[in-house]
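# Notes for the structure review
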Amino acid sequence: MSGLRSRWAAFAGSFVAVALGVGLLVTMGLGLASTFDAPERAPRRFAASPVVVIGTDTLTVGRVSHRLFHPHPVDARLLTELRALGPVATDGRPDAVGVDADPAAVHRVVGDRGRVLTGDERRQADPEPERDAEALVTVNALLGTAGGVTAFVSVFVVASTFAFAVALRRREFGLLRTAGATPGQVRRALLTEAALVGVAASAAGCALGAWGAPELARVLVEGGIAPEWFTIRDAAWPFHVAFWTGLAVAVTGAWAAARRAGRTGPAEALREADVDSGVLPLGRRLLGAALLVMGAALLAWTLLSDPSELLKRKTYTTQPMVLITAVALLAPLLVRPVARALPLPGATGMLVRENATAALRRTAAVAAPVLVTVALAGSLLGSAGTVTASKAAEARQQTAADHVVTGRNLQPIPVPGATLSPTASTGVFVRDGESAVVRYEARAVTDPAAFAVLARLPVVTGDIRNLDDGSIVINQEIANSESGNRAVGDRINVWLGDGRQVSLRIAAVLATGTGDNGPYVTTANARAAAVDRIDVRLPPGTGPAVLRATGGTVTTTDAWAAPRTSPQTRLGLLVVLGIALVYTAISLASTLSMATSVRGGELRSLRLTGATRPQVLAVVAGETLLAVAVGAVLGAAVAAVGLAGLGAALASLSAPATITVPWGTLGAALGGCAVVAVASALLGAARTGR
């Protein structure tokens, strides 16, 4: 307790970091608990009917069930039989009807020709019955990712802060050892300090999270990420999980530092050297090297075994964390060569560089949180932008049309001299292995000849001109599935979008690409699919206005294929990045406040050699900016490795590798880090140098 009272400033950063982490975990946990179940709503469409009959809308193969792309209507014969049981309610749509009859009798009549719904199940006949649950998927993914990043960054910051605080107290521990303290007593003292800080900070964080959860729900609703009805529900488990996680983070973060403090010898009480030595113990070297090898091996394995996995948000959000941790652990080893490689002219530059490379612990402690922010910004926003841009470039490459018409239930019209290729959204189901059935979105081609003229698909084998009512165009993912290699000319058994099982000849195999390449069938195999896209190549002198008669929106192909990141996705990524940036600010302010508070003798020596007060402050600011620059270089290197792996994955999938670097966001994040770091360092230096 005496140590906490006398060194409260050194623990302030850790307290704030743990409290904020617990608060965010409570907030995210309460949000996640509110997304597990969509609200129960009363049936609306056939609320007055005790029984609702809907046509077959699922495909069941063994124990696997999938929702059909084109559910069956309630046919006229079944409707006649239902009317014999009692009054039947219809609303002009053929997919469902309400029946006022005994449910058992309705079951006997319907059999396997549809589904019989009673009670709350009747809401499945409402328009988009799964919209409430689907609306929560994005919220669930965002909060889960944000919670994971919060846990990762909070552990990182707390461990770094405790480690640096212990390094600054080596003379104190040397005096304790001289006075007779055992290594175990020194370790227990530090762990007790961390536990007390953890308990107090976790309690404060729980209160902060209880206040912040409703605010988070409001922001998500206003940002269009969550549906309008989304609210925070009562749940106790997020408080328990967050509190004990915060306490564990505080104690775990101090554990490694406490072990190192226990090894401090009595001779440290006499030490006055400002040059750091032994800053990278063997255990830390081995752990950093192991994580570095693991991160590189994981990236290489994913690239070789399933490159499409690197295009998924879950992968490019979590994989960089291994490399970030590895580089941060090895930061004291990397600081000196990176700092010496950065150009710093003049005598002041030389002094800044030598001070930074001599005080490796301080420089590495400042560089580490900057590394996290820059690496996460480059990896998350860069990967998301790269995938979006590559999808757009791929879509543009795959059509020779100069205009694209989009909309629902389009009506193709004849245009003299023009080539029109209408297609519709549909899907197929393909067996993968003994028991799995995979659902694939597909396109139904109305005019195979026009489609072959305008389509520029990445064909691996075969020819798309051979597509007809008895064939199918598939991609390499389907061709190389667990069911065996499928080649052009082979027959493949598939279930169509309406559940019919057919055997089709493989006309061509396409490269997998970013995931939107095929399959393709003709409209004969997608009877219920409505045309929603028309690729058009107009003859010279014909304006696009003639295409308005199709009933859709007419755009140029370039505008149709332009990269678009949804506001919800961008807001979600910025929320995650904002968490990292806040933690970086806390870490920088805490580290630099502690560091400058013990530099009084050094700064006074500079004044005695003739340096003016502004020159001393300039040296302190220069050292801080150099440390920030080192963190930026290391973070950029981690992000570059991730983006290079993503580019290689796109190339192996025969997709255009359009690498996108978020320069604006990186610049803003780095500028914020520099402002916070320099301000904290100068304030501390101004107080210490008086």
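Above this text is the structure in question.
Structural notes, computed from the coordinates.

What counts, and where the lines are drawn
- Each chain carries its own residue numbering, running from 1 in the written order of its sequence.
- In view of the model being predicted, local features appear only for residues whose pLDDT reaches at least 70, and side-chain atom pairs are presented and counted only at 80 or more, with totals across whole chains, interfaces and linings using the full set of residues.
- As a convention, hydrogens and water are excluded, and side-chain values are obtained from all of the structure's heavy atoms.
- Working definition: helices are DSSP H or I runs of at least four residues, strands are E runs of at least two. Numbering for both runs from the N terminus.
- Any residue under 20% of the maximum accessible area for its type is buried, any over 50% is exposed, and the rest in between are partly exposed; the area is computed with a 1.4 Å probe on protein chains only.
- The contact definition used throughout considers only heavy atoms, calling two residues in contact when any of these lie within 4.5 Å.
- Per-residue accessibility takes into account occlusion by the displayed protein chains alone, with areas from the Shrake-Rupley method and a 1.4 Å probe.
- A positive count includes Lys and Arg, and a negative count includes Asp and Glu. His and the chain ends are not counted in either.
- Note that the charge is assigned to NZ on lysines, CZ on arginines, CG on aspartates and CD on glutamates.
- At least two DSSP bridges between two strands are required for those strands to pair.
- Note on method: axes are straight lines fitted to C-alpha atoms, helices fitted across the in-contact stretch only, with angles between N-to-C directions ranging 0 to 180 degrees.
- In these notes the angle categories are as follows: under 35 degrees is roughly parallel, over 145 is roughly antiparallel, 65 to 115 is roughly perpendicular, and the rest is oblique.
- In this scheme, a crossing is called left-handed if the near helix is turned counterclockwise away from the far one by less than a right angle; it is called right-handed if the turn is clockwise.
- In this classification, Asp, Glu, Lys and Arg are treated as charged, Ala, Val, Leu, Ile, Met, Phe, Trp, Tyr, Cys and Pro as nonpolar, and every other residue, Gly included, as polar.
- Space inside and on the surface of the protein is sampled on a 1 Å grid over the protein atoms alone, with a cavity defined as a set of points where a 1.4 Å probe fits but cannot get out and a pocket as an open set with protein on both sides within 12 Å along at least 5 of 7 lines; lining residues have an atom within 4 Å of a point.
- Grid points are joined across faces, edges and corners, and a volume is the space filled by probe spheres set on the points.
- Excluding any residue in a salt bridge, patches collect residues exceeding 30% relative accessible area, merging like charges within 9 Å and nonpolar Val, Leu, Ile, Met, Phe, Trp and Tyr side chains within 5 Å.
- What counts as a salt bridge is simple: a side-chain nitrogen of Lys or Arg found within 4 Å of a carboxyl oxygen of Asp or Glu.
- For a helix, the expected span equals 1.5 Å multiplied by the number of residues minus one.
- Remark: nonpolar core denotes a set of buried residues (Ala, Val, Leu, Ile, Met, Phe, Trp, Tyr, Cys) joined through side-chain atoms within 4.5 Å.
- Ring pairs are drawn from Phe, Tyr and Trp, using the six-membered ring of Trp, whenever the two centres fall within 6.5 Å, and their geometry is named by plane angle: stacked under 30 degrees, edge-to-face over 60, tilted for the rest.
- Here, over-ring charges are defined by two tests on the NZ atom of lysine or the CZ atom of arginine: distance to the ring centre within 6 Å, and angle to the ring normal within 35 degrees.

Secondary structure assignment for the chain yields 20 helices and 16 strands. For the chain, the spread of C-alpha atoms along the three principal axes comes to 100 × 60 × 45 Å. Across the 690 residues of the chain, 48% fall into the buried class. Residue pairs in contact within the chain that sit at least 24 positions apart in sequence constitute 81% of those at least 6 positions apart. For the chain, the exposed surface amounts to about 31,000 Å²; the carbon and sulfur share of it is 60%. Within the chain, the 49 negative side-chain charges are centred at a point lying 12 Å from the centre of the 62 positive side-chain charges.

Turning to the side chain of asparagine 525, a few remarks are in order. Relative to the helices and strands, asparagine 525 is located in the loop between strand 14 (520-522) and strand 15 (531-537). A residue is classified by how much of its surface remains accessible, and asparagine 525, at 7% relative accessible area, is buried. What asparagine 525 contacts, discounting residues up to four positions off in sequence, is Asp469, Ser471, Leu496, Arg500 and Leu504.

Here the focus is the sheet that holds strand 6 (residues 114-118). Each strand in a sheet pairs with its neighbour through backbone hydrogen bonds, running either in the same direction (parallel) or in the opposite one (antiparallel). With antiparallel pairing, the 4 strands of this open sheet are ordered in space as 4-5-1-6. The open sheet terminates on both sides in strands that have one partner only, identified here as strand 4 (88-89) and strand 6. Where strand 4 and strand 5 (residues 96-99) come together, 2 bridges link them in antiparallel fashion. Looking at strand 5, one finds that alanine 89 is bridged to glycine 98.

Running from N to C, helix 9 (residues 282-305) and helix 10 (residues 313-329) cross one another at 155°; their axes reach a closest spacing of 8 Å. When the axes of helix 9 and helix 10 are compared, the pair comes out roughly antiparallel. Of the two possible hands of crossing, helix 9 and helix 10 adopt the one that is left-handed. Of helix 10, the residues touching helix 9 (which contributes Arg284, Leu287, Gly288, Leu291, Leu292, Met294, Gly295, Ala296, Leu298, Leu299 and Thr302) are Gln319, Val322, Leu323, Thr325, Ala326, Val327, Ala328 and Leu329. Residue composition of the contact of helix 9 with helix 10, by class: 13 nonpolar, 5 polar and 1 charged.

Our focus in this paragraph is empty space enclosed by the protein. For the structure on display, the rule yields 5 cavities of 30 Å³ or more. In this structure, the largest cavity spans a volume of roughly 180 Å³. Along the walls of the largest cavity sit 15 residues, with Leu299, Tyr316, Gln319, Pro320 and Gly642 positioned nearest its centre. Breaking the lining of the largest cavity down by element, the ones donating at least two residues are helix 9, helix 10, helix 13 (360-397) and helix 19 (613-652). The biggest single contributor to the lining of the largest cavity is helix 10, with 5 residues. Residue composition of the lining of the largest cavity, grouped by class: 8 nonpolar, 7 polar and no charged. Taken as a whole, the second largest cavity spans an internal volume of roughly 90 Å³. Along its surface, the second largest cavity is lined by 13 residues, and Arg362, Leu592, Arg599, Glu623 and Thr624 are the ones closest to its centre. For the lining of the second largest cavity, the secondary structure elements donating two or more residues are helix 13, helix 17 (567-597) and helix 19. With 4 residues, helix 19 is the single largest residue contributor to the lining of the second largest cavity. Grouping the amino acids of the lining of the second largest cavity by side-chain chemistry returns 7 nonpolar, 3 polar and 3 charged.

Time to look at a nonpolar patch on the surface. Residues Phe36, Trp237 and Val241 make up a contiguous nonpolar surface patch of roughly 310 Å² in combined accessible area. Take valine 241: it is sitting in helix 8 (residues 237-262).

Moving on to helix 9. Every α-helix carries 3.6 residues per turn, so stepping three or four residues along brings you back to the same face. Under the 1.5 Å per step criterion, the end-to-end length of helix 9 is 34 Å for 24 residues, consistent within 8% with the ideal 34 Å. All of the buried residues along helix 9 are Gly288, Leu291, Gly295, Leu299 and Thr302. Buried residues along helix 9 sit against helix 10 and helix 19.

The next thing to look at is the nonpolar core. Among the nonpolar cores identified, the biggest contains 105 residues, and Val153, Leu220 and Tyr583 are the most heavily contacted of them. For this core, the element with the highest residue contribution is helix 13, accounting for 16 residues. Residues contacting tyrosine 583, with those up to four places away along its chain left out, are Ala17, Leu20, Gly21, Leu24, Thr150, Val153, Ser154 and Val157.

Scanning the entire structure with this criterion turns up 4 aromatic pairs. Ring centres 5.1 Å apart and planes at 85° place the aromatic pair phenylalanine 243 and tryptophan 244 in the edge-to-face group. Their ring planes at 45° and their centres at 5.2 Å tell us that phenylalanine 451 and tyrosine 520 sit as a pair that is tilted. Here phenylalanine 451, found in helix 14 (residues 448-454), pairs with tyrosine 520, found in strand 14; they are 69 residues apart in sequence, far enough to count as distant. Sitting over the ring of phenylalanine 69, arginine 439 keeps its end group 3.8 Å from the ring centre.

The next subject is the packing of helix 11 (residues 331-341) against helix 12 (residues 346-358). Taken N-terminus to C-terminus, the directions of helix 11 and helix 12 make an angle of 170°; their axes are 9 Å apart at the nearest point. Regarding the angle of helix 11 to helix 12, the classification is roughly antiparallel. Seen from helix 11, the contacting residues are Arg336, Ala339 and Arg340; seen from helix 12, they are Arg353, Glu354 and Thr357. Partitioning the contact of helix 11 with helix 12 into residue classes produces 1 nonpolar, 1 polar and 4 charged.

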